[in-house]
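Chains, contacts and geometry: an overview
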Amino acid sequence: MIPTLLFLFLLAPSLYAQAGWILEDSTWGQPFQRWEATSFIASPCDPQFDRIRDLMLDSLVRFTGVNRLRVEVRSGSENPVDHYAEWRAAGCPGGSDPAYLRWRQNRYVTVNDNDDSTINEGGFHFTELDATIENVVIPLRTRLEAKGEDLHVNLCYVAFTGQNGGGTYIHDRPREYAEFVLAVHQHLKKKWNIVPDSWEAVLEPDLVPQWTAQKLGAALNATAITLRNNGFEPRFVAPSTTNMSNAIPWTKQIVAFPDAKAALKEMSYHRYSGTGIDVAVAIRKYADTLGIGTSMLEWWFDNATPDVLRTDLLTAGNTSWQEATISGHFDLIRNGDSVRITRKKNAILNGILSRYVKPGAMRIADDDGIIMRNSDGSVVGYQSPIGMDVLDEGWPTGSCESIVVDSNFLEHRYQFIRTYKDSLGLKGLPHLKGGRAVVIIIRPNTVSVDEHQPPTLKNIVVSPMPVKNNISITVPHEWDGLPMRMRIVDMQGRVVMSVSEGYVSVGTSGPLSIPIDLSNGLYAVECVVGGESARTVVVVER
């Protein structure tokens, strides 16, 4: 009978755990790196631009984890005519206005600066790029630095040549593309002392008739060599195809070129077509063979929901992820000359996760939500919708914070302590009920040692068996002379006996002998010394 009871006692926790949210501590994949947004905020000629920008950036930094910015540079920057400046001077019109049509038809037209490999600065106009740096990049970077964080600048090359009203396009030639990329890097370094953290090769190249995967590989190969020869370390993001299914075949052509392969750090895709779980799985598996991360960098217009985020993070193994442009996180409300913003639903639901998952975070295996461990040891758990309102085994002890988004998309913050006792059974969190999303942040090692579930397990020997009136405990020799806490717990998880701050003297006075007065039954004996613990099962039979 006793062996049967012992088997059931040891088996019971795993059976009982099925009722709650389990953390299976098994990390996998590349470390997560960045939460991206595209730099667009409003028309640069909007009279309220500065006010809109400040409202949006303040909210973005406070309520999301965005720490990477896609900054676009158009192919038409290589042109002796500054078409962007002309459009700005006309008041940034749209529709059928002739000034807008001239701008639209020329912004991707390239006119070679010269016929050799040197850069003629007069053949480039980076007015639009400079405006983005001054009005968006620097203000966002300043806000992030104020909270101890940094901004990753991802320069993205854009060439939707289908808009060209005639004119030429030369950047599908490897040498010309490499020269353009170098010109951008040198301009940013010289004018702003900014070096891009990454270069996104071509935005949606599968929509640009001049580009093929083979051409892109050759262009990136030439660019990697050119950048290194001029003191810049290439870090490429590609292929950023609009069709998710095109990501793998395009990447295979790129990595066929050795210097392009060495510089490719992220396999990127968009989600406008060709999506599916099987595609996400294949992308992760192929990126793993290359030893690089993956990233979903565009599915705008309120499509990047928590379900999409979960698939991209856990199935496609994303190391960076974009929800929207900066403006795409908000609804803008105008009332005369005044403006205000409200956060969109996805920005609220995704934001409670992104603001707590930091660069370097590792994924933890989970079937019920998203669980990440930051490099500082904090554990972040996320569900949307909320399917589990009970924490079960595996979650660390420590100070905890949870943010719940209710049915009206309002955030509610709760704080609590997860103790060692909590870790022995199910811990209900009633404040989660009825919510649309929740994030739980647990910061280990923030409560006293006595309340912790120590991370390191040791072996102890208890005798005699069965136990009667006295229990003899032999502990590891390395615990000799250290203060130990011992307790006995019954099958219901109740502490029935506790001994604190006794001093172990292994090897001199023999095993630790403790009198007990317990009813017959099955018990767990637990010993804690510093950050180490040991546990075994005993039978009391008097």
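**As for the packing of helix H11 (residues 306–315) against helix H12 (residues 345–354)**
Helices that pack against each other are described as a pair by the angle of their axes relative to one another and the distance between those axes. Relative to each other, H11 and H12 sit at 35°, their axes nearing to 9 Å. Note on element contacts: H12 touches H11 through Asn346, Leu349, Asn350 and Leu353, opposite Pro306, Leu309 and Leu313. Among the residues making up the contact of H11 with H12, the classes are represented as five nonpolar, two polar and no charged.

**Structural notes on H12**
Burial runs high along H12: nine of the ten residues are buried. Asn346, Ala347, Ile348, Leu349, Asn350, Gly351, Ile352, Leu353 and Ser354 are the residues of H12 that are buried.

**Points about the layout of surface pockets**
Of the pockets and cavities examined, the second largest pocket occupies roughly 1000 Å³. Along its surface, the second largest pocket is lined by 41 residues, and Ser39, Phe40, Ile41, Glu72 and Arg74 are the ones closest to its centre. Sorting elements by how many residues they give to the lining of the second largest pocket places helix H5 (residues 127–146) first, with five residues. Classifying every residue of the lining of the second largest pocket by side-chain character gives 19 nonpolar, eleven polar and eleven charged.

**Details of the pattern of salt bridges**
By the definition in use, this model includes 26 salt bridges. Of the charged contacts, one joins Lys190 and Glu121 as a salt bridge, the two residues approaching to 3.7 Å between their closest N and O atoms. Taken together, the residues span a long stretch of sequence, with Lys190 in helix H6 (residues 174–192) and Glu121 in the loop between helix H4 (98–106) and H5 at a distance of 69 residues. By relative accessible area, Lys190 is classed as exposed at 67%. Overall, the relative accessible area of 57% leaves Glu121 in the exposed class. Of the charged contacts in the structure, one is a salt bridge between Asp172 and Lys215, with a shortest N-O distance of 3.1 Å. Of this pair, Asp172 sits in the loop between strand S4 (152–158) and H6 while Lys215 is found in helix H7 (residues 213–229), placing the two residues 43 residues apart along the sequence. Accessibility expressed as a relative area gives 15% for Asp172, which makes it buried.

**So, the state of the cysteines**
Evaluation of the coordinates by the stated rule reveals one disulfide. Here Cys45 connects covalently by a disulfide to Cys92, the sulfurs 1.9 Å from one another. Residues Cys45 and Cys92 are joined by a disulfide whose S-S torsion is about 55°; by sign, that bridge is right-handed. With Cys45 in the loop between strand S2 (34–38) and helix H2 (49–63) and Cys92 in the loop between helix H3 (83–89) and H4, the pair connects residues that are 47 residues apart, well separated along the chain.

**Remarks on the confidence of the model for the protein**
Per-residue pLDDT for the protein averages 88, and the proportion of residues at 70 or more is 90%. Counting interchain partners and residues more than four positions distant, the pLDDT-below-50 stretch residues 1–18 has 19 contacts. Long-range and interchain partners of residues 447–456, a stretch whose pLDDT sits below 50, account for 27 contacts in this model, where long-range means more than four residues apart.

**Notes on the nonpolar core**
As a rule of thumb, soluble globular proteins bury nonpolar side chains together. Within the largest apolar cluster, 101 residues are counted, with the highest numbers of intra-cluster contacts made by Tyr177, Trp199 and Trp211. Beyond its immediate stretch of four places on either side in the chain, Trp211 contacts Tyr157, Tyr169, His171, Asp172, Tyr177, Val202, Pro205, Leu216, Ala219 and Trp250. Counting residues in each nonpolar core, the second largest holds 21 residues, with Val462, Ile473, Trp479 and Leu518 among its members.

**Focus: the pairing of strand S22 (residues 470–474)**
Of the strand pairs in this sheet, strand S21 (residues 461–463) and S22 are connected by three bridges, and their pairing is antiparallel. Residue pairing across strands places Val461 opposite Thr474, the latter belonging to S22. The hairpin turn running from S21 into S22, its antiparallel successor, is six residues long. Relative to strand S25 (residues 512–515), S22 is paired through four bridges, and the arrangement is antiparallel. Counted as the bridge partner of Asn470 is Pro515 from S25.

**Quick notes on the pairing of strand S6 (residues 236–243)**
For S6, a buried count of seven out of eight residues is recorded, marking the element as mostly surrounded by other parts of the structure. Here two bridges tie strand S5 (residues 198–200) to S6, and the two strands are oriented parallel to one another. Bridge pairing in S6 links Glu200 to Val237. When S6 meets strand S7 (residues 264–273), the two strands line up parallel, connected through six bridges. Within the sheet, the bridge partner assigned to Val237 lies in S7 and is Glu266.

**What about empty space enclosed by the protein?**
If a probe the size of a water molecule is rolled over the atoms, the empty space left behind becomes visible. Going through the model one piece at a time under the given rule, you end up with four cavities of 30 Å³ or more. In this model, the largest cavity occupies a volume close to 130 Å³. What lines the largest cavity is a set of 16 residues, among which Gly76, Ser77, Tyr84, Trp103 and His125 lie closest to the centre. There is about 90 Å³ of room inside the second largest cavity. Taken together, Trp35, Glu36, Thr64, Val66, Leu309, Trp321, Glu323, His329, Ala347, Asn350, Gly351 and Ser354 make up the lining of the second largest cavity. At the level of secondary structure, the elements contributing two or more residues to the lining of the second largest cavity comprise S2, strand S9 (318–325) and H12. Element by element, the count of residues in the lining of the second largest cavity is highest for H12, at four residues. Looking at the lining of the second largest cavity residue by residue, the class counts come to five nonpolar, five polar and two charged.

**A few points about the sheet that holds S5**
The eight strands lie next to each other as S2-S3-S4-S5-S6-S7-S8-S9, forming a closed barrel whose pairing is parallel. Here the strands of the sheet are splayed against their neighbours by 25° on average, with no regard to which way each runs. Lying on the sheet, H12 is in contact with S2 and S9; it crosses S9 at an angle near 150°.

**Remarks on the sheet that holds strand S14 (residues 379–383)**
Across the sheet, which stays open at both edges, the seven strands sit in the order S1-S12-S13-S14-S19-S16-S17 with antiparallel pairing between neighbours. Because the sheet does not close on itself, it has two edges, and the strands there are strand S1 (27–28) and strand S17 (411–418). As judged from the five bridges shared by S14 and strand S19 (residues 437–443), these two strands associate in the antiparallel manner. The partner of Gln383 across the bridge, within S19, is Val438. Seen against the sheet, H11 touches S1, strand S12 (362–364), strand S13 (370–373) and S14 and runs at an angle of roughly 50° to S13.

**Some remarks on the packing of aromatic side chains**
Applying the stated rule across the entire model yields 14 aromatic pairs. Taken together, a centroid distance of 4.5 Å and an interplanar angle of 45° make the contact between Phe32 and Trp35 tilted. For the ring pair Trp35 and Trp321, a centre distance of 6.3 Å and an interplane angle of 85° mean the geometry is edge-to-face. Of the two residues, Trp35 sits in strand S2 while Trp321 sits in strand S9, which places them 286 residues apart along the sequence.

Each value, and the rule that gives it
- Residues numbered from 1 in each chain as written.
- Predicted model: local features only at pLDDT ≥ 70, side-chain atom pairs only at ≥ 80, totals over all residues.
- Heavy atoms only, no water.
- Axes fitted to C-alpha atoms, helices over the stretch in contact; angles between N-to-C directions.
- Helix = DSSP H or I, 4+ residues; strand = E, 2+ residues; numbered from the N terminus.
- Contact = heavy atoms within 4.5 Å.
- Nonpolar A, V, L, I, M, F, W, Y, C, P; charged D, E, K, R; others polar.
- Buried < 20%, exposed > 50% of the residue type's maximum accessible area, 1.4 Å probe, protein only.
- 1 Å grid on protein atoms, 1.4 Å probe; cavity = no way out; pocket = protein on both sides within 12 Å on 5 of 7 lines; lining within 4 Å.
- Points joined across faces, edges and corners; volume = space filled by probe spheres on them.
- Salt bridge = Lys/Arg side-chain N within 4 Å of Asp/Glu carboxyl O.
- Disulfide = S-S within 2.5 Å.
- pLDDT = per-residue confidence, 0-100.
- Core = buried A, V, L, I, M, F, W, Y, C linked by side-chain atoms within 4.5 Å.
- Pairing = 2+ DSSP bridges.
- Phe/Tyr/Trp six-rings, centres within 6.5 Å; stacked < 30°, edge-to-face > 60°.

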